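Each chain, letter by letter, is given below.
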Amino acid sequence: MTESTLCPPLVGVMKDYNIKGFADDYVNPRGLPRMEFIDEDVAAYVKSKGGETAVQKKTDEMFSKYKLYEYKMMQSKDNLKQKIPEITKTVEMVKQLKARVEADEELEAHFELSEVVYAEAVIKDKPKTVGLWLGANVMVEYSFDEAIKLLTGNLATAKESLEQVLEDLAFLYDQTNICEVNINRLHNYLIQERRKENEAAAQK
């Protein structure tokens, strides 16, 4: 390994990596890998893992994986944060529609004629069902109770998924920090080794 292949040192401070509540024996339920921490004896660690090149390659690979995982998780988080309010609003709309029908109240609606043009109408025949978009241009008709049950279940699933994504992001944050510290320690170790080699060569 030449000096040109070394990763530059990363600026940062060490921290308690369990600060977010991840125990040392924590195993991510979604299978995200844990980064092994390089302790103070970097030389012994490098030797036990097959040498400088092997450690450098493994560390770089893990860092790239963590950043890719993080990118995908951030997309999932943004999608879920947009999806949850939409489902919540739809549940409330169906509940309100059901209540007004049961109370025999007049229903007013706005129909979209074009992108910015709407027409107001009064629905005389009380609806008994609602149509829900399921995706892929598919709409299914449900009774009020069926729609509320389906939407409530979808909402619970979305909230649970968001909690899992946030947990995974927190875990990835810790593992990325560990990876960055490892890169920093490995870089400093290799610089010291090169300096020793140069000094030894100069004394010959």
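Residues numbered from 1 in each chain as written. Predicted model: local features only at pLDDT ≥ 70, side-chain atom pairs only at ≥ 80, totals over all residues. Heavy atoms only, no water.

Peer 1: It is not clear to me how the side chain of glutamine 175 should be interpreted in this structure. Could you clarify?
Peer 2: By secondary structure assignment, the location of glutamine 175 is in helix α3 (residues 144-202). Aside from chain neighbours lying at most four places away, what touches glutamine 175 is Pro33, Arg34, Met35 and Tyr66. (Helix = DSSP H or I, 4+ residues; strand = E, 2+ residues; numbered from the N terminus. Contact = heavy atoms within 4.5 Å.)

Peer 1: Help me out: how do you make sense of the environment of asparagine 28 in this one?
Peer 2: Mapped onto the elements of the fold, asparagine 28 is located in the segment before α1 (42-48). Here asparagine 28 falls in the buried class, since its relative accessible area comes to 5%. Distance in space between the C-alpha atoms of asparagine 28 and phenylalanine 171 is 8.0 Å, their sequence separation being 143 residues. Excluding residues that lie within four positions of it along the chain, asparagine 28 makes contacts with Asp168 and Phe171. At 3.3 Å, the side chain of asparagine 28 and the side chain of tyrosine 26 are in polar contact. (Buried < 20%, exposed > 50% of the residue type's maximum accessible area, 1.4 Å probe, protein only. Polar contact = N/O pair within 3.5 Å; in protein donor to acceptor, adjacent residues only side chain to side chain.)

Peer 1: Got a minute to help me understand the pairing of strand β1 (residues 107-112) in this structure?
Peer 2: Every regular strand shows the same layout, with side chains that alternate between the two sheet faces. Relative to strand β2 (residues 118-123), β1 runs antiparallel, the two sharing six bridges. Within β2, the residue paired with alanine 109 across the bridge is alanine 121. Connecting the antiparallel pair β1 and β2 is a turn made up of five residues. (Pairing = 2+ DSSP bridges.)

Peer 1: Where do I start with helix α2 (residues 52-102) in this structure?
Peer 2: Structurally, the α-helix is built with 3.6 residues per turn, so residues lying three or four positions apart point the same way. Between its first and last C-alpha, α2 extends 74 Å over 51 residues, near the 75 Å set by a 1.5 Å rise per residue. One or two residues past the end of α2 sits aspartate 104, with phi positive at roughly 60°. (Expected span 1.5 Å × (residues − 1).)

Peer 1: What's the story with the pattern of salt bridges in this structure? I'm lost.
Peer 2: Opposite charge on two side chains permits pairing when their charged atoms draw close. The final tally for this structure, using the stated rule, is twelve salt bridges. Linking glutamate 70 and lysine 67 is a salt bridge whose minimum nitrogen-to-oxygen distance equals 2.9 Å. Placement of the pair is glutamate 70 and lysine 67 together in helix α2, with a separation of three residues, close to one helical turn. Accessibility expressed as a relative area gives 29% for glutamate 70, which makes it partly exposed. (Salt bridge = Lys/Arg side-chain N within 4 Å of Asp/Glu carboxyl O.)

Peer 1: What should I look at first to understand the packing of aromatic side chains in this one?
Peer 2: By convention here, two paired aromatic rings are described through the distance between centres and the angle between planes. Summed over all chains, the structure comprises three aromatic pairs. Judged by centre distance (5.5 Å) and plane angle (70°), the ring pair of phenylalanine 22 and phenylalanine 171 falls under edge-to-face. Remark: phenylalanine 171 occurs in helix α3 and phenylalanine 22 occurs in the segment before α1; sequence separation between them is 149 residues. For the pair phenylalanine 22 and phenylalanine 171, one class covers both residues: buried. The interplanar angle of 50° and the centroid separation of 5.2 Å between the aromatic rings of tyrosine 26 and phenylalanine 171 together place this pair among those described as tilted. Within this pair, whereas tyrosine 26 is found in the segment before α1, its partner phenylalanine 171 is found in helix α3, the two being separated by 145 residues in sequence. We classify tyrosine 26 as buried; its relative accessible area is 18%. Judged by relative accessible area, which is 1%, phenylalanine 171 ranks as buried. Through a chain of ring-to-ring contacts, the aromatic side chains of Phe22, Tyr26 and Phe171 assemble into a single cluster. (Phe/Tyr/Trp six-rings, centres within 6.5 Å; stacked < 30°, edge-to-face > 60°.)

Peer 1: Just to check I follow, could you spell out a nonpolar patch on the surface for this structure?
Peer 2: Together, Leu113, Val116 and Val117 make up a nonpolar patch on the protein surface, roughly 310 Å² of accessible area in all. With respect to the helices and strands, the residue valine 116 is situated in the loop between β1 and β2. (Patch = residues over 30% accessible without salt bridge, like charges linked within 9 Å, V, L, I, M, F, W, Y side chains within 5 Å. Areas by Shrake-Rupley, 256 points an atom, 1.4 Å probe, with all protein chains shown as cover.)

Peer 1: Mind showing me how you'd approach unusual backbone geometry here?
Peer 2: One can expect most non-glycine residues to show negative phi and most peptide bonds to be in trans. You will see that aspartate 104, though not glycine, has its phi angle at about 60°, which is positive. Tracing the sequence through the fold places aspartate 104 in the loop between α2 and β1. The phi angle at asparagine 137 is positive, at roughly 60°, despite the residue not being glycine.

Peer 1: Would you explain the environment of aspartate 174 in this entry?
Peer 2: Of note, aspartate 174 is situated in helix α3. With relative accessibility at 0%, the residue aspartate 174 sits in the buried group. Between the C-alpha atoms of aspartate 174 and arginine 34, which are 140 residues apart in sequence, the distance is 9.3 Å.

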